[in-house]
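Observations on the model geometry
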Amino acid sequence: MREFKVVSPYEPSGDQAQAIEKLSQGFLRGDKYQTLKGVTGSGKTFTMAKIIEKVQRPTLIISHNKTLSAQLYREFKTFFPNNAVEYFVSYYDYYQPEAYVAARDLYIEKDCDINKEIDQLRLAATYSLMERRDVIVVATVSCIYGLGMPDLYKEMRVHLELGQTLDIKKFADSLISLQYTRNDDVLDRGNFRIKGDVIEVFPPYMETDEAYRIELDWDEIVKIRRFEVLNRNVTGELDETVFYPAKHFVVPREQLISATDRIQKEMEERVAEFQKEGKILEAERIKTRTTYDIEMLKEMGSCPGIENYSGPISGRKSGEPPATLLHYFPDDFLCLIDEAHVTVPQIGAMYEGDRSRKQSLINFGFRLPSALDNRPLKKAEFDKKMNQIIYVTATPRPDEVKQSSQVVEQLIRPTGLLDPLIEIRPSEGQMEDIYKEVKERIEKHERSLILTLTKKMAEDLTQYLTELNLKVKYIHSEIDTFERVEILKSLRSGEIDVLIGINLLREGIDLPEVSFIAILDADKIGFLRSETSLIQIIGRAARNAQGMVVMYADHMSPAMEAAVKETKHRREIQEAYNKEHGITPQTIKKAVEDILIHEKSDAQENAQLDVEVIKNKANLFNSSERKKVIKALTKQMSDFADRMEYEEAAAIRDQIREIEAQYGK
């Protein structure tokens, strides 16, 4: 196997080296669960890369959303240019699941728009896992959803080698059974063409635009070449090659036909049940729909919603877990769960949400009971399939800590910046106190954040401080997407001095200008004032050397006590390290405009990939297609804004405006 090798101009600094060593040793001795507890800005991603280099195992990295996954994918591609770094996320640009709302007697058909580029990346991930061990797959929680069976995927591959006798017709039939399409005019991904004694095949999982050319002398293979599709340049002469299926859901015809018998039997039993219960409409509905699907499967090899029959097709018993991306990994793989405090609960929540939607469809005759077997893994099934896990987070939950054989802290930032000072002050007279603190920050050209518990309080406080001649804005869910982007920019550039919000703790908000954070009602019980939330909020002030957090409360809640204790612990370690190494922490003094330009450039680059794919699939001169594209982009923009990723949202907004200006609204 080719070894994992990190390519970087940097060496581990601060306490990265000890974290890398401890976690690597823990993995190699067989520890099932470990935790990397790393503060924001300490270089957790670099530590993850060095652990992979140390243990030399195929690795799955799970993140809780597409944006963070894309960011990790780019970083790991940079760290490991000589290894296979793959990307596995949901391939839907737009997805409306099939559903039935009984209260309104409303049936909603499944509607989706598949991103072909992401589909290709998903196929590349499984292809790499089949062919090599130096593989890193960066994935979202979509990796726990059903996928084609790996044994069948591997079994159905077609192997060719020099000197082999090849029947062209049988080979073409084999490719078609692997879901390739014959097109003798245009060679595109997932297509093949035959011209005389030359066969060209373009597998959809190729990382670059390269295809294979098989040349025959009568019926003997004399040459196997890899070539660039665009300019036809030959890039390699091969002794052998293998073609994997063009789609994950591929089943031999014999297995598909036997599956239709099982589906037919289940349908008959279900119809009898409905009739016995006097549900004539439901009985007729399931009979009509299923009979049509069976005919489609027999004639075409597929049908709309074929995934709902994945249980009978694969031969799984009711309740058995489906095959997923996890099943493509070898048994000795490493799993790194990024932002585990968010990602792990998300993994646990997927199954119940999926089941409740499908149960309604089954109860009213839209789907057979076996549709429940097309599902994500349960949390227990996920844990059982895992080999060894390292949780990566700044705020591990008690469950992760309890599971872990060791919790390794990474508290030193390469910049030398410390966790902020914390003060607890009474809520009585808090407005006057906040005004005084904010005024001090304004004189130093620094910014402030104020966190409230309700929208009404955010609005009222904004009005109060505005009347005191402060430049203040608030952000909450009812603020227009475009406006949210502009407000955050205004804070960075100094057009406003204070930002008031409810939930400003999202990872990725980098505000080095903010030196003061006020947390109102800090002692209230609930998600917004939990230990995890408080620690995350406090971390927003850790980008500034003068960072300070004031909690306004009438008593010390357990969450406050834990957050203060944790921050004090981190700060003591950071101060001792700085003193020992002669480091004076300093806020990054880079011009705000430069930071904004850099962030906008990065955001546009990140958003451009998805936008181009959506645009290229449509004729923008056609008003209905243009409307669909703008709708998809608007949804994407809103998703970014809801996650407070405002630069990405702004980049999508600019793309929408550009389309409307060029092609019309």
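Here's a quick rundown of the structure. (Residues numbered from 1 in each chain as written. Predicted model: local features only at pLDDT ≥ 70, side-chain atom pairs only at ≥ 80, totals over all residues. Heavy atoms only, no water.)

**Observations concerning the side chain of lysine 50**
Residue position: lysine 50 is located in helix H2 (residues 44-55). A polar atom in the side chain of lysine 50 sits 2.9 Å from the side chain of glutamate 53. Residues in contact with lysine 50, not counting those within four places in the same chain, are Val6, Pro12 and Ile20. (Helix = DSSP H or I, 4+ residues; strand = E, 2+ residues; numbered from the N terminus. Polar contact = N/O pair within 3.5 Å; in protein donor to acceptor, adjacent residues only side chain to side chain. Contact = heavy atoms within 4.5 Å.)

**Concerning unusual backbone geometry**
The backbone of aspartate 105 shows a phi angle near 50 degrees, a positive value even though the residue is not glycine. Note that aspartate 105 resides in the loop between strand E5 (99-101) and strand E6 (106-108). The residue glutamate 339 is not glycine, and still its phi comes out positive at about 45 degrees. With respect to the helices and strands, glutamate 339 occurs in the loop between strand E17 (334-338) and helix H10 (340-363).

**Some remarks on the pattern of salt bridges**
Summed over the entire model, instances satisfying the criterion amount to 45 salt bridges. For glutamate 98, the salt bridge goes to arginine 289, with nearest N and O atoms at 3.1 Å. Here glutamate 98 is found in the loop between strand E4 (92-96) and E5, whereas its partner arginine 289 is found in helix H8 (residues 280-300), with 191 residues between them in sequence. Measuring nitrogen to oxygen at the nearest pair gives 4.0 Å for the salt bridge that ties lysine 471 to aspartate 497. (Salt bridge = Lys/Arg side-chain N within 4 Å of Asp/Glu carboxyl O.)

**Overview of the packing of H2 against helix H3 (residues 66-79)**
Across the interface, H2 lies against H3 with an axial gap of 11 Å and an inter-helix angle of 50 degrees. On the basis of their axis angle, the class for H2 and H3 is oblique. Both H2 and H3 take part in a crossing whose hand is right-handed. Where H2 abuts H3, its residues Thr45, Phe46, Met48, Ala49 and Ile52 lie against Leu72, Glu75, Phe76 and Phe79. Residues that form the contact of H2 with H3 fall into these classes: seven nonpolar, one polar and one charged. (Axes fitted to C-alpha atoms, helices over the stretch in contact; angles between N-to-C directions. Parallel < 35°, antiparallel > 145°, perpendicular 65-115°, else oblique. Left-handed = near helix turned anticlockwise from the far one by under 90°. Nonpolar A, V, L, I, M, F, W, Y, C, P; charged D, E, K, R; others polar.)

**A look at helix H14 (residues 455-467)**
For H14, with 13 residues, the first-to-last C-alpha span of 19 Å sits near the 18 Å given by 1.5 Å per residue. All of the buried residues in H14 are Ala458, Leu461, Thr462 and Leu465. Down the axis of H14, the buried side of the element spans an arc of 105 degrees, and every buried residue falls inside it. Those residues of H14 that are exposed and angled more than 90 degrees off the buried face are Lys456 and Glu467. Tucked inside the fold, the buried residues of H14 contact helix H13 (430-443), strand E21 (447-451), strand E22 (472-475) and strand E23 (498-501). Immediately downstream of H14, the backbone of asparagine 469 shows phi near 65 degrees, a positive value. (Expected span 1.5 Å × (residues − 1). Buried < 20%, exposed > 50% of the residue type's maximum accessible area, 1.4 Å probe, protein only. Arc of directions from axis to C-beta.)

**Observations regarding a negative patch on the surface**
Together, Asp167, Asp197, Asp217, Asp219 and Glu220 make up a region of like negative charge exposed at the surface. As for its placement among the helices and strands, aspartate 167 is situated in the loop between strand E9 (158-161) and helix H6 (168-177). (Patch = residues over 30% accessible without salt bridge, like charges linked within 9 Å, V, L, I, M, F, W, Y side chains within 5 Å. Areas by Shrake-Rupley, 256 points an atom, 1.4 Å probe, with all protein chains shown as cover. Lys, Arg positive; Asp, Glu negative; His and termini not counted. Charge placed at Lys NZ, Arg CZ, Asp CG, Glu CD.)

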